[in-house]
Amino acid sequence: MKKSRLLIAGSAFSLALLSTVPSYAQVAQADEANTQKDEAEEAVVKTAEAVEDTSSAIVVTGSRIRRDTFSTIEPITVVTAEEITQGGFNSAADVLQSQVVTAGAGQINNFYGGFVTAGGTGANTLGLRNLGPARTLVLLNGRRLAPAGTRGNVLAADLNVLPTAIVERIEVLKAGASSIYGSDAVAGVVNIMTDKKVRGVTLDAQINIPEVGAGVDRRIATTFGFGDDRFNVLGSFEYRKREALRLNDRDFTSCPIPGYKLDAASPLGSDDPYPLGDPRNCFTLDNGGVTINTLGLPTRSGIGRTSGTSGLFNRFVPAAGTAGGTPGYLGVGFYDRDSFDPASQEEELITPVENYTGFLAGSYQTDALGNAEIYGEVLATRRKSSSLLYRQVSLDYLQDSPLLPVEFRSGRFLGPNNVSSGKNVAARAFVGFGLTDSAQEVDYVRFGTGIRGDFAFDGWRYDAYVGKSWTDGTYEIESFLIDRMANSMNVVESSGGVLSCASAASNKNCVPAPRLTADVIGGKLPQAFRDYILVNTIGNTKFRESTASFNIDGPLFALPGGDVQLAMGAEYRKQKIDDTPDANSISGNLLGLTAGTPTRGTDNVKEVFGEIFVPIVSDRPFFQNLSLNASARYTDYASYGSDTTYKVAGEWEFFKGVGIRGSYGTSYRAPALSEQFLGATSGFSSGGNDPCDSDNFPRDNGQPNPSAYSVSQQQRAANCKSIGIDTDTFQQNSSITLFRRGGAETGLSAETSRNWSVGAVVQPRISSSTTLGLALDYFDILVSNGVSSISGSTILSRCYSAVDFSPTEGFCKFVKRDGNQLLTVTSGYVNLSQDVVKGFELTGRFATMLFGGRFTFNANMTKYTEQSDKTFPEEILLDSNGTLNVPDLVGNFDVTYSTGPATFRYGVSWFDGSSGTAVYGQTSRTTGLVNQANVDFLNEYYQIEVPDYYLHSASVQLNITDKFQMTLGVRNLLDKDPPKITAYYTTIGNAPLYSGYDYTGRQWFINTNFKF
């Protein structure tokens, strides 16, 4: 009776999800045969699972050799579908970006709604070893996933396209494998394997509910499969919807403060502008705020808003009845101006997404063509995502404009800019405009078909495959237009006092800007004017990839250890990108946003490859197993020419369960199409972004206040003064011109790398019911000639913040400042960087029978010993290991206990706290010298280090009947918030922007799986 009630309740829950908001669940249980396989093999600490069944042998990730055992020379981490479910992950993307897979490497996910990222807003990518997503190859069933996303910088596979419901396991090889798979496999390979043994129909449903009540994540899916000895069809259909989690939904983002400290022992914020705990410290311009409700004028006298006394100011706020030098206005400084609009808190902390995914695979066995199997696979997805962005708009009122009160018309606040029609700007209103919307819709389709069967020689097999991927994306964003703003601000007044645009004769739809009033400064803009200057701009992205491959493999001859196996093949791949931004973007007509021209280009590659497996000896004293594996690939790219990569690996098992292994190989990464052909992007940045502009430094009652300068402001001020610019008085009255381009025209070439590792495996057979497995591996990766994208803002910041500043060297090589102080910054993709990553990885597994049930403990720890990089040849390799957002020690642990129909799981993921962040930031990249004074200042008055961070989770999985399973659990069990730091690095609230932290808080999940 109890089981029946639970079954009915679970079915009702699934149907309720179907009838309300669609969703899907990932419960795909490992099939019974897999769960009962010999535990001694399983104790190879999950580094030796199969990738693909082909006849009676299997192919392991990182190899093309079929073998009759699950052994593999290199370590492979495996995450099963059952572990995904028990961990409460709601999609394949979620688990791939978790610490279980990434080992502390930062990822691009839905935390980045307000940032420009590769693939556009909403894309989720995967990068291993902190080497970025472009250096990690993602496979689905052993075939590469083509990049997907929006805008011209489509660089890597988007994890949103993956089918979650039918995933059987995820396999991760954290080692270079270009000689096996070709370009991009520099940091490693991730292979998502679907279940090939589905029978019947299964309904899965899952809901994750954050305790705050917002950001609910729902999904629903059905998987199906049918067939006979010759014919097999399986597939899945799924829908997922995750709602937005907004800034005002979480406490830790409700009051971002500067976070300055009186001394090292004082609390965060103890030296902020106002007393500790004073709400006026929230949303200052240091952190979270933006100037609004404010009027910029040439420096003039006025009554100070805070001081109540007369002084000189260039920023004012309306205040009716105020006297003084500027009647009706109060003068404000850096910390007492208006900088917070509650509407800004409607921006998303985690952006929403809606995914539709369909997957279909089939095969047919024939007696012809060597007992051939004809197979095919189709994946089709649609991602709909969006993000809100709070916008401030600057209304530049021209000299002598009738829109201004007479007393403000003759001043000169700024020189001519792109919205001033060639005239000086007399006054600027800093207006809080409100929220603007953006949306992305990405359709991705991948189709592949092939035939495989027995080849001409005994034991040999062939596999011929062709495939094609299509990505079609549309991106929309509400944007201010430069020409419309310029037309609106340039007005004439008739004798009757009627305002009209000066260009009205040729621009009949022009709406004149409103007269300058307190209401306008406060954001109350006429709707007609708002509608005229804000336009929905639309761009389109297309990405195509075609693939054809043929390979054969089989035995050559026998050795004492077994048959020598050989695999050979050839592959052809062609890619094409066509991104067409909105016409206003192409013409450079977007105000405050980057403009871009179309990105269009093609590339193709022809490759031949070979791999040999040599089992030298086995079953001998001290030589239980001794084998070698070697592979090589010749590559010929149309874009940059030819290259050869290779890899050699070996294992020596001294006696059963104890051995060593190692590998050495080279890899490469051909520049992505976006890196080669990114459309020439020209844009303008506000003159206020000039690092030497006096407005970027604190003032007190309108006067410079060097005592309030932060350490970085002190450095910038000194650098500016070294080239003759006085930051106390200088104002940049012209926009900064930005140029960005792809690297094809400058001869961008491929990256090269070498990757070696050595390790030991211990897995003694303790008893028939108790197993233990330990593996310790050392890895060393060097990437040379790395492709780097340097943004204009990064260039300016790094140039003028350098502790060894030179106007013609380092990042300053890309900055030009002419005699009139006009700034031009040129950036783009170049071959400059070098990256080094070294460390140890420890994996352990222990399983035994305990109190009539099965107890299992899994552990995985990564200890980085170096994570260093340099951008220019003349620089030193600077090690960021262990600094903020770059943890040097990461661990994942879980315990499961299965008894009867129930499985209990408890898991912990952890990474250690940071240290040395100040030293890292204050070390010269050309000399290696440390500015110890700045280091001491940062460590004394800033909080830029974080403590150890732990996330706990727990779940219980109930096999209620043979056909119904339910999993209930909680993620972030202790409701752990991210740590707090001073606003010195990029922050959300006072939390560092880093994918390793949980911004959601405690969330509950329930997963049901019902088989028909």
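For clarity, every value in this text was computed on a predicted model and none was experimentally measured.

Considerations on the overall build of the chain
- A tally of helices and strands in the chain yields 17 helices and 46 strands.
- Relative to a compact globule of 1012 residues, whose C-alpha radius of gyration would be 31 Å, the chain shows 31 Å and is just as compact.
- Taken across its 1012 residues, the chain has 57% of its residues classed as buried.
- Taking contacts inside the chain between residues at least 6 apart in sequence as the whole, the part at least 24 apart equals 72%.
- Accessible area for the chain stands at about 38,700 Å²; split by element, carbon and sulfur atoms hold 56% of it.
- Distance from the positive charge centre (86 side chains) to the negative charge centre (106 side chains) of the chain: 3 Å.

A word on the confidence of the model for the chain
- With 93% of its residues at a pLDDT of 70 or more, the chain has an overall mean of 89.
- The model gives residues 1-56 a pLDDT under 50, and that stretch makes 159 contacts with residues more than four places away or in other chains.

Thoughts on helix α9 (residues 482-489)
- Listed as buried for α9 are Ile482, Met485, Ala486, Ser488 and Met489. Buried residues along α9 cover an arc of 165° about the axis, so they all sit on one side.
- Here the buried face of α9 lies against β18 (373-398), β20 (461-481), β21 (491-493), β22 (499-501), α11 (527-533) and β25 (590-591).

Here we look at unusual backbone geometry
- Despite not being glycine, Ser421 shows a phi value in the positive range, around 55°.
- Despite not being glycine, Asp975 has its phi angle at roughly 55°, a positive value.
- With respect to the element layout, Asp975 can be found in the loop between β43 (964-971) and β44 (987-988).

A short note on the packing of aromatic side chains
- Throughout the structure, instances matching the rule amount to 36 aromatic pairs.
- Their ring planes at 70° and their centres at 5.2 Å tell us that Tyr984 and Tyr985 sit as a pair that is edge-to-face.
- Tyr985 sits in the partly exposed class, given a relative accessible area of 30%.
- The positively charged end of Arg452 is found above the aromatic ring belonging to Tyr375, 4.2 Å away from the centroid.

A look at the sheet that holds strand β4 (residues 77-80)
- Sheet architecture is open: five strands sit in the order β4-β7-β8-β5-β6, paired in mixed fashion. The open sheet is flanked by β4 and β6 (143-144), the only strands paired with a single partner.
- As paired elements, strand β7 (residues 167-173) and strand β8 (residues 188-194) share six bridges and run antiparallel to each other. Looking at the pairing, Glu171 lines up with Asn191 of β8.

Looking at the state of the cysteines
- Under the definition given, this model contains four disulfides.
- At a sulfur-sulfur separation of 1.7 Å, the disulfide partner of Cys255 is Cys282. Negative torsions about the S-S bond denote left-handed disulfides, and the value of about -75° found for Cys255 with Cys282 makes this one left-handed. With a gap of 27 residues between them, Cys255 in the loop between β12 (245-246) and β13 (294-304) and Cys282 in the loop between β12 and β13 connect regions that are remote in the sequence.
- For Cys255, a relative accessible area of 31% puts it in the partly exposed group.
- Cys282 sits in the buried class, given a relative accessible area of 16%.

A closer look at the pattern of salt bridges
- Going through the model one piece at a time under the given rule, you end up with 43 salt bridges.
- A cluster of three or more residues bridged by salt bridges with shared partners is formed by Arg135, Arg669, Glu675, Glu751 and Asp835.

A few points about the nonpolar core
- Counting residues in hydrophobic clusters, the biggest one holds 40 residues, and the most contacted among them are Leu96, Leu145, Ile170, Val190 and Ile192.
- Mapped onto this core, the elements with two or more residues apiece are α5 (92-96), β5 (136-140), β7, β8, β17 (353-365) and β35 (771-790).
- When residues in this core are grouped by element, the largest group, four residues, is from α5.
- Apart from residues lying up to four places away in sequence, Ile170 is in contact with Thr77, Val78, Val79, Ile84, Val95, Leu96, Val190, Asn191 and Ile192.
- In this structure, Phe480, Met489, Ala513 and Leu525 belong to the second largest nonpolar core, which totals 35 residues.

With respect to the environment of Leu388
- One can find Leu388 in strand β18.
- Counting along the chain gives 381 residues from Leu388 to Ser769, while the straight-line C-alpha distance between them is 55 Å.

Examining the environment of Asn589
- Structurally, Asn589 is set in the loop between α12 (583-586) and β25.
- For Asn589, a relative accessible area of 8% translates into the label buried.
- Sequence separation between Asn589 and Arg484 is 105 residues, and the spatial gap between their C-alpha atoms is 9.0 Å.

Examining the pairing of strand β27 (residues 623-637)
- One ladder, built from 14 bridges, connects strand β26 (residues 599-620) with β27; its direction is antiparallel. For Val605, the partnering residue across the bridge sits in β27 and is Tyr637.
- Between β26 and β27, which pair antiparallel one after the other, the connecting turn spans two residues, and Phe622 there sits at a positive phi close to 60°.
- Bridge count for β27 against strand β28 (residues 641-655) is 13 bridges, and the pairing is antiparallel. Each bridged residue has a counterpart across the sheet, and for Tyr637 the counterpart in β28 is Gly641.
- Following β27, the chain reverses through three residues before pairing antiparallel with β28.

A word on the side chain of Asn755
- As for its placement among the helices and strands, Asn755 is situated in strand β34 (residues 751-762).
- Judged by its relative accessible area of 5%, Asn755 falls in the buried class.
- Not counting residues within four places of it along the chain, the set of residues in contact with Asn755 comprises Ala175, Gly176, Val186, Ser663, Tyr664, Gly665, Asp780 and Ile781.

Rules used in this analysis
Residue numbers run consecutively from 1 along every chain, following the written order of its sequence. In view of the model being predicted, local features appear only for residues whose pLDDT reaches at least 70, and side-chain atom pairs are presented and counted only at 80 or more, with totals across whole chains, interfaces and linings using the full set of residues. In computing side-chain properties, one takes all heavy atoms of the structure into account and sets aside hydrogens as well as water. Strands here are runs of E lasting at least two residues and helices are runs of H or I lasting at least four, both read from the DSSP assignment and numbered beginning at the N terminus. Here the globule rule reads 2.2 Å times residues to the power 0.38, and the radius of gyration is calculated from C-alpha atoms. Exposure is judged per residue with a 1.4 Å probe applied to protein chains only, and the accessible area is read against the type maximum: over 50% gives exposed, under 20% gives buried, and values in between give partly exposed. What makes two residues a contact is simply this: any of their non-hydrogen atoms within 4.5 Å. In short, Shrake-Rupley with a 1.4 Å probe defines the accessible areas, and a residue's cover is counted only from the protein chains shown. Think of it this way: Lys and Arg go in the positive column, Asp and Glu in the negative one, and His and the chain ends go nowhere. Here the site of a charge means NZ on Lys, CZ on Arg, CG on Asp, or CD on Glu. As a per-residue measure, pLDDT tells how confident the predictor is, with possible values from 0 to 100. An arc is given here, and it is the one of the directions from the helix axis to the C-beta atoms. Centres within 6.5 Å are what make two rings of Phe, Tyr or Trp a pair, Trp counting through its six-membered ring; a difference in plane orientation under 30 degrees is then read as stacked, over 60 as edge-to-face, and the rest as tilted. In our convention, an over-ring charge means Lys NZ or Arg CZ found within 6 Å of a ring centre and within 35 degrees of that ring's normal. For two strands to be treated as a pair, DSSP must find no fewer than two bridges joining them. For this text, the term disulfide refers to a pair of cysteine sulfurs within 2.5 Å. A side-chain nitrogen of Lys or Arg and a carboxyl oxygen of Asp or Glu constitute a salt bridge if their distance falls within 4 Å. Nonpolar cores are built from buried Ala, Val, Leu, Ile, Met, Phe, Trp, Tyr and Cys residues. Side-chain atoms within 4.5 Å join them into one set.

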